[in-house]
Amino acid sequence: MAQSDGGGIGNVTPNAKLVEMAMAYSRSRVLCAAARLGVADALGDEVRSVGFLAAKCQADVNALYRLLRAVSSIGVTEETAPEHFRLTSFGQPLRKDAPQSVWSAVIFWADLLADSWSLLTDCIRTGQPASQVRDPNVPSRWSQDPDASSIFRAVMGTAPAEDYAPVAAAWDFSRAKVVADLGGGGGSLILAVLELNPHLRGMLVDLEPSIDAARTRFAEEDTSSQCELLAADLIQSVLAGADVYMLKHVLHGRRDAEAITILRNCRAVIPQNGSLLIIEFILPALVSHADPQLEGHLMSDLNMLVVTGGKERSEREWKTLLEAAGFTLTGVHPVGGDALMIRNVGILEAKPA
């Protein structure tokens, strides 16, 4: 019986597809190594020798050459002459100084969070996140990286505001006066809402480090005068003053009890005619066939399990949470658009019960 090569690293198997899935981490690890070593920044806009790059990246010459060949095979670099490389246009966003750099995102997903994913089996066995099942004598990658918190803030809510325009357009803000974006990170969503609704006032609410990081961005935005930047811990309390409160990809990172606490804090301050908008993935009631887009949401669900203990939820589960906190689910609004951070997102609209 003929056998297939399972990806070229030495496997021979009659079912190459499953083995290719098992080996999918190799691209992630290669990309992470290149980012950690600063290969893209060392290359810049020039053709560089492996020797030059090894000195800049503080790496072994032969090992770095092997890495550079690998990242050339996936289009990040290209070898222009023996042992000489340059960065491709595809690889440019790996530079820390590139416009819309993805360096932080690569490190966040392929290093800091991948460390937690390595404990997925134990998380499934126990139902606990990686922080609870990890050997206490083995420090996490997150705890070892002094820049972990700033990397997180660089990834969350810092996409261009126009990427969030489909969310802002999916709900009618015409009758609203003040909109609060709770846990809004860098402020992309509230900026998109204010851009489309110039009559509104805005409140960006998050923990103090995130608010401090957002100030520089807001100083450069035309709509910044419409928005207050306010520090608060949503678990402790939610600030009054808005008639519409938004929570985008906040509650999926929380266990049910914590999510209900935040929702009850919202209930305590929202006007009786106010609206709560929960912007999240909404899982189907049944997963009956392979679906690449749904796969991403279900992987996010497992990511929440291993990293925070939270979860993605179905409409029924969202309805249950809202009712436990004193809200009534009044509608579900689909969001269009192809940007990765909003693909297949829905807006769950709730009113005080």
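Residues numbered from 1 in each chain as written. Predicted model: local features only at pLDDT ≥ 70, side-chain atom pairs only at ≥ 80, totals over all residues. Heavy atoms only, no water.

Some points on the overall build of the chain
Now for step 1: Helices and strands together make up the secondary structure of the chain, namely 16 helices and 13 strands.
Now for step 2: Taken over C-alpha atoms, the radius of gyration comes to 23 Å for the chain, in line with the 20 Å a tight globule of 353 residues would show.
Now for step 3: A total of 353 residues make up the chain; the buried ones form 43% of that total.
Now for step 4: When contacts within the chain are restricted to residue pairs at least 6 apart in sequence, long-range pairs at least 24 apart make up 65% of them.
Now for step 5: If you average the places of the 31 positive and of the 42 negative side-chain charges in the chain, the two averages end up 3 Å apart. (Helix = DSSP H or I, 4+ residues; strand = E, 2+ residues; numbered from the N terminus. Rg over C-alpha atoms; globule rule 2.2 N^0.38 Å. Buried < 20%, exposed > 50% of the residue type's maximum accessible area, 1.4 Å probe, protein only. Contact = heavy atoms within 4.5 Å. Lys, Arg positive; Asp, Glu negative; His and termini not counted. Charge placed at Lys NZ, Arg CZ, Asp CG, Glu CD.)

Looking at the pairing of strand 13 (residues 345-352)
Now for step 1: Burial analysis of strand 13 places seven of its eight residues in the buried class, which makes it a mostly covered element.
Now for step 2: Sheet topology note: the strand 10 (residues 275-283)/strand 13 ladder contains six bridges and is antiparallel. Bridge pairing links Phe 281 to Val 345 in strand 13.
Now for step 3: Where strand 12 (residues 327-334) lies against strand 13, seven bridges are found, and the strand directions are antiparallel. Looking at the pairing, Pro 334 lines up with Gly 346 of strand 13. (Pairing = 2+ DSSP bridges.)

Quick notes on the side chain of His 252
Now for step 1: Checked against the element boundaries, His 252 lands in the loop between strand 9 (244-248) and helix 14 (256-269).
Now for step 2: At 2.7 Å, the side chain of His 252 and the side chain of Glu 312 are in polar contact.
Now for step 3: Once you skip the residues sitting within four places of it in the chain, His 252 turns out to touch Glu 280, Ser 300, Met 304, Gly 310, Lys 311, Glu 312, Arg 313 and Trp 318. (Polar contact = N/O pair within 3.5 Å; in protein donor to acceptor, adjacent residues only side chain to side chain.)

Some points on the packing of helix 6 (residues 103-117) against helix 15 (residues 292-307)
Now for step 1: One way to put it is that helix 6 packs onto helix 15 with a least axis distance of 8 Å and a crossing angle of 70 degrees. With respect to helix 15, the element helix 6 is oriented roughly perpendicular. Side by side, helix 6 and helix 15 meet where Trp 109, Leu 113, Ser 116 and Trp 117 of the first sit next to Met 299, Leu 302, Asn 303, Val 306 and Val 307 of the second.
Now for step 2: For the contact of helix 6 with helix 15, the class distribution of residues is seven nonpolar, two polar and no charged. (Axes fitted to C-alpha atoms, helices over the stretch in contact; angles between N-to-C directions. Parallel < 35°, antiparallel > 145°, perpendicular 65-115°, else oblique. Nonpolar A, V, L, I, M, F, W, Y, C, P; charged D, E, K, R; others polar.)

Some words on helix 13 (residues 208-218)
Now for step 1: Among the residues of helix 13, Ser 210, Ile 211, Ala 214, Arg 217 and Phe 218 are the ones counted as buried. Buried positions in helix 13, seen along its axis, are confined to an arc of 105 degrees and lie on one side of it. With respect to the buried face of helix 13, the exposed residues turned more than 90 degrees away are Glu 208 and Thr 216.
Now for step 2: Looking at the buried side of helix 13, the elements it contacts are helix 10 (148-155), helix 12 (188-196), strand 7 (201-206) and strand 8 (227-231). (Arc of directions from axis to C-beta.)

Topic: the packing of aromatic side chains
Now for step 1: In this structure the tally under the stated criterion is six aromatic pairs.
Now for step 2: Aromatic pair Tyr 65 and Phe 85: ring centres 6.0 Å apart, planes at 65 degrees, arrangement edge-to-face. Of the two residues, Tyr 65 is situated in helix 5 (residues 61-73) and Phe 85 in strand 5 (residues 84-87); the sequence distance between them amounts to 20 residues.
Now for step 3: Ring centres of Trp 171 and Phe 173 lie 4.9 Å apart, and the angle between their planes is 80 degrees; this geometry places the pair in the edge-to-face category.
Now for step 4: On the basis of relative accessible area, Trp 171 is assigned to the buried category, the value being 12%.
Now for step 5: Between the NZ or CZ atom of Lys 96 and the centre of the ring of Trp 103, over which it lies, the distance is 4.3 Å.
Now for step 6: When the ring centre of Trp 318 is taken as origin, the NZ or CZ atom of Arg 313, which lies over that ring, is 5.1 Å away. (Phe/Tyr/Trp six-rings, centres within 6.5 Å; stacked < 30°, edge-to-face > 60°. Lys NZ or Arg CZ within 6 Å of the ring centre and 35° of its normal.)

A short note on the pairing of strand 9
Now for step 1: Counting buried residues in strand 9 gives five out of five residues, a clear majority hidden from the surface.
Now for step 2: With burial as the criterion, each face of strand 9 is covered, one bearing Val 244, Met 246 and Lys 248 and the other bearing Tyr 245 and Leu 247.
Now for step 3: As defined by bridge partners, strand 6 (residues 178-182) adjoins strand 9 across four bridges and the pair is classed as parallel. Across the sheet, the residue bridging to Leu 182 is Leu 247, located in strand 9.
Now for step 4: Of the strand pairs in this sheet, strand 9 and strand 10 are connected by five bridges, and their pairing is parallel. Within strand 10, the position partnered with Met 246 by the bridge is Leu 277.
Now for step 5: Assessed by its sense of winding, the connection that carries the chain from strand 9 through helix 14 to strand 10 is right-handed. (Right-handed = clockwise from strand over helix to strand, strands pointing away.)

Describing the nonpolar core
Now for step 1: Formed by 30 residues in total, the largest nonpolar core has its most connected members in Phe 173, Val 179, Ile 190, Leu 204, Phe 218, Val 244 and Met 246.
Now for step 2: Elements with a contribution of two residues or more to this core: helix 11 (165-169), helix 12, helix 13, strand 8, strand 9, strand 10 and strand 13.
Now for step 3: The leading source of residues in this core is helix 12, at six residues.
Now for step 4: In this structure, Val 179 is in contact with Phe 173, Ile 190, Leu 200, Arg 201, Gly 202, Met 203, Ala 242, Val 244 and Met 246, ignoring residues within four places of it in sequence. (Core = buried A, V, L, I, M, F, W, Y, C linked by side-chain atoms within 4.5 Å.)

What to know about a nonpolar patch on the surface
Now for step 1: Taken together, the side chains of Trp 109, Trp 142, Phe 152 and Met 156 define a hydrophobic patch exposed on the protein surface, amounting to about 380 Å² of accessible area.
Now for step 2: Given a relative accessible area of 34%, Phe 152 falls into the partly exposed group. (Patch = residues over 30% accessible without salt bridge, like charges linked within 9 Å, V, L, I, M, F, W, Y side chains within 5 Å. Areas by Shrake-Rupley, 256 points an atom, 1.4 Å probe, with all protein chains shown as cover. Salt bridge = Lys/Arg side-chain N within 4 Å of Asp/Glu carboxyl O.)

Some thoughts on the sheet that holds strand 4 (residues 77-81)
Now for step 1: In space, the three strands of this open sheet follow the order 3-5-4, with antiparallel pairing throughout. Of all strands in the sheet, those bounded by a partner on one side alone are strand 3 (48-49) and strand 4.
Now for step 2: Pairing of strand 3 with strand 5, which is carried by two bridges, proceeds in the antiparallel orientation. If you follow Ser 49 over to strand 5, its bridge partner there is His 84.
Now for step 3: Strand contacts of helix 5: strand 4 and strand 5, with the helix running at about 115 degrees to strand 4, the strand carrying the most contacts.

This is a description of form; function is not addressed.
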